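One letter stands for each residue in the lines below.
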Amino acid sequence: MATGGPCEVRHFNLNDGEPSSRVDILDEAARSCSVPFRARPADRARPVRFEHLDRYFGDVNVTRTTLDNFYGLRSANLARKDTVPRFILTVSSGPYAIEQDDRLDRRPSGSMVPYSSRGALRLQADEPIQAWSLTVTLEELGLPYLFLRGVMVRSIGHSPLGPMVAKYLTELAALPALSPAQAASLAHPTIDLLRALLATAGGDEFLARRPLSQTLGTRIMVHLRTHLGDPELGADKLAAHFGISKRYLYAVLARMDVTLGEWIRTERLGRAARELANPGNALVSVAAIARTLGFADHSSFSRAFKQQFGCTPSEWRGRTDAERASRPASIMLPEIAQKGSRARD
């Protein structure tokens, strides 16, 4: 949980304070987090340990914390005051109790547990552990809360993407200092990876909890997000995958105000704009980026990109962040398409 602001990197070591004031300092630090809570030693007869690295990648918050004899509590009253609900994913190296909504996860070998800022929360570490957390607003995550509720306070590290996400999160926290633009360029890929993890980890359980017809819209949107790079992605393939007619597919999407071809095109172009602006992709060709996003050929991609953003992909790549930010208001932002991206059943 974060104590900094966007683009900041902060270090906090409780041992730097006077022993007599460490408990008060710990509690003050906890109340200053982006998801505020109260904190104290789990056992008042033993010293508490709390060493914290906090950094931002755009609006994505990543923390690395070393804990021992730690107890954190976020009350229901505090949660009700939350004006910006957030989603948190925590990976721990050892036994770290995470409890929310009458669900408790505590595994002796460590875990990967999602939870949210919307409910009361209890955290406890009785022995030395490390914990890495990724925090993003529910709005930015863009997945229905009903879908997320099925995986909350469940260890999802066993899912196919679990080991990769755990490694990615620890490496993200350990990156050297970056410029604000470099840090922000990592936000959307990180959110995309988090969405894919939740889709693979939560799909089966979520589907088992509700009739298939009630979850169809959510499943279609999750499938679209995770298969956007498939050049054959379209109505025929979607209908065949879900075992429905194209007519019914279009009806389901219409209820969510999603026009399939427009959604795919806009989503791909928005992701392409972000990939082109990412300094880490400087050596990746425009054609290669287009292929990974499902565009059949470079020329059609360039035409579509220019129509959307008013310049060619190469020109966009060569612009500064300030120049991209000053584009005409009529040009759609290079973000994930808003229309339908947060649709709920």
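Keep in mind the model is a prediction, meaning the values are calculated, not measured. (Residues numbered from 1 in each chain as written. Predicted model: local features only at pLDDT ≥ 70, side-chain atom pairs only at ≥ 80, totals over all residues. Heavy atoms only, no water.)

Comments concerning the overall build of the protein chain
Part 1: Across its full length, the protein chain carries 15 helices and 11 strands.
Part 2: Looking at the protein chain as a whole, 52% of its 345 residues qualify as buried.
Part 3: A separation of at least 24 residues holds for 72% of the contacts in the protein chain among residues at least 6 apart in sequence.
Part 4: Of the roughly 16,100 Å² of accessible surface on the protein chain, 53% is carried by carbon and sulfur atoms. (Helix = DSSP H or I, 4+ residues; strand = E, 2+ residues; numbered from the N terminus. Buried < 20%, exposed > 50% of the residue type's maximum accessible area, 1.4 Å probe, protein only. Contact = heavy atoms within 4.5 Å. Areas by Shrake-Rupley, 256 points an atom, 1.4 Å probe, with all protein chains shown as cover.)

A closer look at the confidence of the model for the protein chain
Part 1: Residue-level pLDDT values for the protein chain average 82, and 86% of them are 70 or greater.
Part 2: Note that residues 1-7 has pLDDT below 50 and, in this model, 31 contacts with residues that lie over four places away or in other chains.
Part 3: The low-confidence segment residues 328-345 (pLDDT under 50) makes 53 contacts with residues lying over four places distant or belonging to another chain. (pLDDT = per-residue confidence, 0-100.)

Side note on the sheet that holds strand 10 (residues 121-125)
Part 1: Strand order in the open sheet formed by five strands is 2-5-10-7-8, with antiparallel pairing between adjacent strands. The open sheet has two edge strands with one neighbour each: strand 2 (38-41) and strand 8 (103-105). Sheet twist, expressed as the average angle between the axes of neighbouring strands with direction ignored, equals 10°.
Part 2: Where strand 5 (residues 70-74) meets strand 10, five bridges bridge the pair, whose relative direction is antiparallel. Residue pairing for strand 10: Tyr71 is matched across the bridge by Gln124.
Part 3: Packed on one face of the sheet, helix 1 (residues 22-31) meets strand 2 and strand 5 and runs near 155° to strand 2. (Pairing = 2+ DSSP bridges. Axes fitted to C-alpha atoms, helices over the stretch in contact; angles between N-to-C directions.)

Comments concerning the pairing of strand 9 (residues 111-116)
Part 1: Counting buried residues along strand 9, six of its six residues qualify, which places the element largely inside the surrounding structure.
Part 2: Of the two faces of strand 9, the one holding Ser111, Val113 and Tyr115 and the one holding Met112, Pro114 and Ser116 are both buried throughout.

Details of the packing of aromatic side chains
Part 1: With the rule as written, the count across this model stands at seven aromatic pairs.
Part 2: Ring plane angle 75° and centroid distance 6.3 Å describe the contact between Phe37 and Phe70, whose orientation is recorded as edge-to-face. Here the residue Phe37 occupies a position in the loop between helix 1 and strand 2, and Phe70 occupies one in strand 5, the gap between them amounting to 33 residues. Phe70 carries the same exposure label as Phe37, and that label is buried.
Part 3: Here Phe295 and Phe301 contribute two aromatic rings whose centre-to-centre distance is 4.7 Å and whose plane-to-plane angle is 55°, an arrangement assigned as tilted. With respect to class, Phe295 is no different from Phe301; both count as buried.
Part 4: Of the aromatic side chains, those joined through ring pairs into one cluster are Phe295, Phe301, Phe305, Phe309 and Trp316.
Part 5: Seen from the ring of Tyr71, Arg40 lies directly overhead, with NZ or CZ sitting 4.2 Å from the centre. (Phe/Tyr/Trp six-rings, centres within 6.5 Å; stacked < 30°, edge-to-face > 60°. Lys NZ or Arg CZ within 6 Å of the ring centre and 35° of its normal.)

Structural notes on the nonpolar core
Part 1: Of all hydrophobic cores here, the largest spans 58 residues; its most connected members are Phe70, Phe87, Tyr96, Leu141, Leu148, Leu194 and Leu198.
Part 2: Among the elements that take part in this core, helix 7 (residues 187-209) stands out by supplying nine residues, more than any other.
Part 3: One finds Ala239, Phe242, Ile244 and Leu260 within the second-largest nonpolar core, a separate group that totals 19 residues. (Core = buried A, V, L, I, M, F, W, Y, C linked by side-chain atoms within 4.5 Å.)

Things to note about unusual backbone geometry
Part 1: The residue Asp102 is not glycine, and still its phi comes out positive at about 65°.
Part 2: Unlike most non-glycine residues, Val153 shows phi in positive territory, near 50°.
Part 3: Relative to the elements of secondary structure, Val153 occurs in the loop between helix 4 (145-149) and helix 5 (162-173).
Part 4: The class for Val153 is buried, based on a relative accessible area of 4%.

Side note on helix 11 (residues 260-277)
Part 1: Compared with an ideal rise of 1.5 Å per residue, which puts 18 residues at 26 Å, helix 11 spans 26 Å between its outermost C-alpha atoms and is within 8% of the ideal.
Part 2: For helix 11, a buried count of 13 out of 18 residues is recorded, marking the element as mostly surrounded by other parts of the structure. (Expected span 1.5 Å × (residues − 1).)

Some remarks on the environment of Ala272
Part 1: Here Ala272 is to be found in helix 11.
Part 2: Given the relative accessible area of 0%, Ala272 is considered buried.
Part 3: Spatially, the C-alpha atom of Ala272 lies 7.0 Å from that of Ala290, the residues being 18 residues apart in sequence.
Part 4: Sequence-distant contacts of Ala272, that is, excluding residues within four places in its chain, are made with Ile289, Leu293, Phe301 and Phe305.

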